[in-house]
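Structural description and commentary
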Amino acid sequence: MSDDIRGGLPSASAFEILAECYGQQQLVKRLPPEALALHKEEPDPLRDSGSRIHKSRETGNTLELDPQEFALYQSGLNYEQRIVEKWKSVFSLTDVKEGPRELRLWIHDSALNPLCSGQLDVHYISGKRALICDWKTAFCSNLVGAKGNWQLRLQAVLLKIEHPELEEIRVAFAKPMYEDSELDYCDYNETDLKYSLDSILYVLWWSTQPDAPRRAGKHCLHCPAKARCIEALSFFMLPSAMAIGVTRGEKPEQAAEAVSDDDLYRVWEVRNTIKEIGDACVARLKSKTDEELAAMGLRKGKGRDILDWDIEAAFKFLRDEKLWPEAELFKTMEFGIGKLGALATKQIGVDEKYASKEVKSLLEKFYTVKEGEKIIRRLR
Ligand code: SF4
């Protein structure tokens, strides 16, 4: 039985993609699981940190937050408070009640089959008005604002279905990274909610059609099918200047010289997707038979040698028989935080999600921290 609480159906958090690309669901269904597995997201400390902050907002328990996360959590509470105060003052609301946090709500068809769902981080109700706050703990650089945002639109519709007496619903983002920024919200009246429901049902209907069209764009970055999608492949093609350089046999550094600043930004933004598509293409080539490859002018070559060391025996041999200094030998080895984290999970039962953090804190006195090469980040 699936442990997907969304029942494999569209959800509010993924609705932005669906509304942009009706055919996404059909492609995902057609692809073998291993094709989607390529999308399995890399360990992402920022995402894990966001989950912990959301959990704290849900439970009020902040014990699992580190100081930086706690500061962000406080900043989120302040941001949410500003949203709530503004809502109360504009509509002179006095009797405001908070609804259940992390509330999952559903849209059903006329036969009561579930069609899609959404989870509300936080919401408040006052008479015939409601306010929904969705927390976004990351930088939100690709976030569509509240006015055009499908996730929030669907949340508003879901709350209206749950509380038919509501006549006006405000949806807002709480963005703790930008505590003092202008509030980002949108109001839906009953007519807006009716049209919004119609538009959501329209998207859901399209998403079930075998010939639903696919439309690539920035949203593909978050699509599990991106590595097998021809539309995404076309969209994420390298800038033509770089492609021409490569076909001329220039080295990558030379080809990159010809890329405009606009394209440099785009390549930086989509580099993981480009790599994933490339890896998926190579994986497909490797799955072909020798005959199929030969017909394409390719063949399988010998793989590179992978040395599977008996580290302990090799170490002792060099130290005891060859008399290489132990201190120098140690310098040739390194701890991998990922492997140590897996060991910590096995040895002391720490949750996988927190294992790296646990190992770092456990071994704190045995390492110093040096800054690696600078990384590129967006301006806020
Ligand atoms: S990768 Fe983009 S175009 Fe392709 S199915 Fe996903 S969202 Fe649609």
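Residues numbered from 1 in each chain as written. Predicted model: local features only at pLDDT ≥ 70, side-chain atom pairs only at ≥ 80, totals over all residues. Heavy atoms only, no water.

1. A look at the overall build of the protein chain
In terms of helices and strands, the protein chain carries 16 helices and seven strands. Here the protein chain holds 380 residues, and 34% of them are scored as buried. Counting only carbon and sulfur atoms, one obtains 56% of the accessible surface of the protein chain, whose full area is about 24,600 Å². Across the protein chain, the mean location of the 55 positive side-chain charges is 2 Å away from that of the 62 negative side-chain charges. (Helix = DSSP H or I, 4+ residues; strand = E, 2+ residues; numbered from the N terminus. Buried < 20%, exposed > 50% of the residue type's maximum accessible area, 1.4 Å probe, protein only. Areas by Shrake-Rupley, 256 points an atom, 1.4 Å probe, with all protein chains shown as cover. Lys, Arg positive; Asp, Glu negative; His and termini not counted. Charge placed at Lys NZ, Arg CZ, Asp CG, Glu CD.)

2. A look at the packing of helix α4 (residues 45-59) against helix α5 (residues 67-90)
As a packed pair, α4 and α5 sit with axes 10 Å apart at the nearest point and diverge in direction by 55 degrees. Judged by the inter-axis angle, α4 sits oblique to α5. Every pair of crossing elements has a handedness; the one defined by α4 and α5 is right-handed. Contact residues: α4 offers Ser49, Arg52, Ile53, Ser56 and Arg57, while α5 offers Glu69, Leu72, Tyr73, Leu77 and Glu80. (Axes fitted to C-alpha atoms, helices over the stretch in contact; angles between N-to-C directions. Parallel < 35°, antiparallel > 145°, perpendicular 65-115°, else oblique. Left-handed = near helix turned anticlockwise from the far one by under 90°. Contact = heavy atoms within 4.5 Å.)

3. Points about unusual backbone geometry
Residue Ser92 is not a glycine yet carries a positive backbone phi of 50 degrees. Within the element layout of this structure, Ser92 appears in the loop between α5 and β1 (97-98). Owing to a relative accessible area of 61%, Ser92 belongs among the exposed residues under this scheme. Even without being glycine, Leu112 reaches a positive phi, approximately 65 degrees. By secondary structure assignment, the location of Leu112 is in the loop between β2 (103-108) and β3 (114-120). Its relative accessible area of 65% is what places Leu112 among the exposed residues.

4. Things to note about the packing of helix α6 (residues 150-162) against helix α7 (residues 190-207)
Contact geometry for α6 and α7: axes closest at 9 Å, N-to-C directions at 110 degrees. Classified by the interaxial angle, the pair formed by α6 and α7 is roughly perpendicular. Every pair of crossing elements has a handedness; the one defined by α6 and α7 is left-handed. For the pair formed by α6 and α7, the contact residues are Trp150, Arg153, Leu154, Ala156, Val157, Lys160 and Ile161 on the first element and Glu190, Leu193, Ser196, Leu197, Ser199, Ile200 and Val203 on the second. Taken together, the residues of the contact of α6 with α7 break down into nine nonpolar, two polar and three charged. (Nonpolar A, V, L, I, M, F, W, Y, C, P; charged D, E, K, R; others polar.)

5. Topic: the site of the ligand
Around the ligand, the structure places 14 residues, and the nearest of them are Cys21, Arg214, Cys220, Cys223 and Cys229. Among the secondary structure elements, those contributing two or more residues to the shell around the ligand are α2 (24-30) and α8 (230-235). Split into classes, the residues belonging to the shell around the ligand amount to eight nonpolar, two polar and four charged. (Near = heavy atom within 4 Å.)

6. What to know about the pairing of strand β4 (residues 122-126)
Counting buried residues in β4 gives five out of five residues, a clear majority hidden from the surface. With five bridges joining them, β4 and strand β5 (residues 129-135) adopt antiparallel strand pairing. Within the sheet, the bridge partner assigned to His123 lies in β5 and is Ile132. Between β4 and β5, which pair antiparallel one after the other, the connecting turn spans two residues, and Gly127 there sits at a positive phi close to 60 degrees. (Pairing = 2+ DSSP bridges.)

7. Quick word on a nonpolar patch on the surface
Together, Leu307, Trp309, Ile311, Phe330 and Met333 make up an exposed nonpolar region whose accessible area comes to about 590 Å². Topologically, Trp309 is positioned in the loop between α12 (290-295) and α13 (311-321). (Patch = residues over 30% accessible without salt bridge, like charges linked within 9 Å, V, L, I, M, F, W, Y side chains within 5 Å. Salt bridge = Lys/Arg side-chain N within 4 Å of Asp/Glu carboxyl O.)

8. Remarks on α5
Helix length check: α5, at 24 residues, gives a terminal C-alpha distance of 35 Å against a target of 34 Å (1.5 Å per residue), a fit within 8%. Considered for burial, the residues of α5 that qualify are Glu69, Leu72, Tyr73, Ser75, Gly76, Tyr79, Glu80, Ile83, Val84 and Trp87. Considering only its buried residues, α5 is in contact with α4, β4, β5, β6 (168-174), β7 (184-189) and α16 (352-362). N-capping of α5 is provided by Asp66, with a side-chain oxygen placed 3.1 Å from the backbone N of Gln68. (Expected span 1.5 Å × (residues − 1). Polar contact = N/O pair within 3.5 Å; in protein donor to acceptor, adjacent residues only side chain to side chain.)

9. Some points on the packing of aromatic side chains
Under the defined criterion, the tally for this structure stands at eight aromatic pairs. Measuring from ring centre to ring centre gives 5.8 Å for Tyr22 and Trp206, while their planes differ by 10 degrees; the resulting arrangement is stacked. Of the two residues, Tyr22 sits in the loop between α1 (15-20) and α2 while Trp206 sits in helix α7, which places them 184 residues apart along the sequence. Residue classification places Tyr22 among the partly exposed positions, given a relative accessible area of 21%. Centre to centre, the rings of Phe70 and Tyr73 are 6.2 Å apart; their planes meet at 35 degrees, and the pair counts as tilted. Placement of the pair is Phe70 and Tyr73 together in helix α5, with a separation of three residues, close to one helical turn. (Phe/Tyr/Trp six-rings, centres within 6.5 Å; stacked < 30°, edge-to-face > 60°.)

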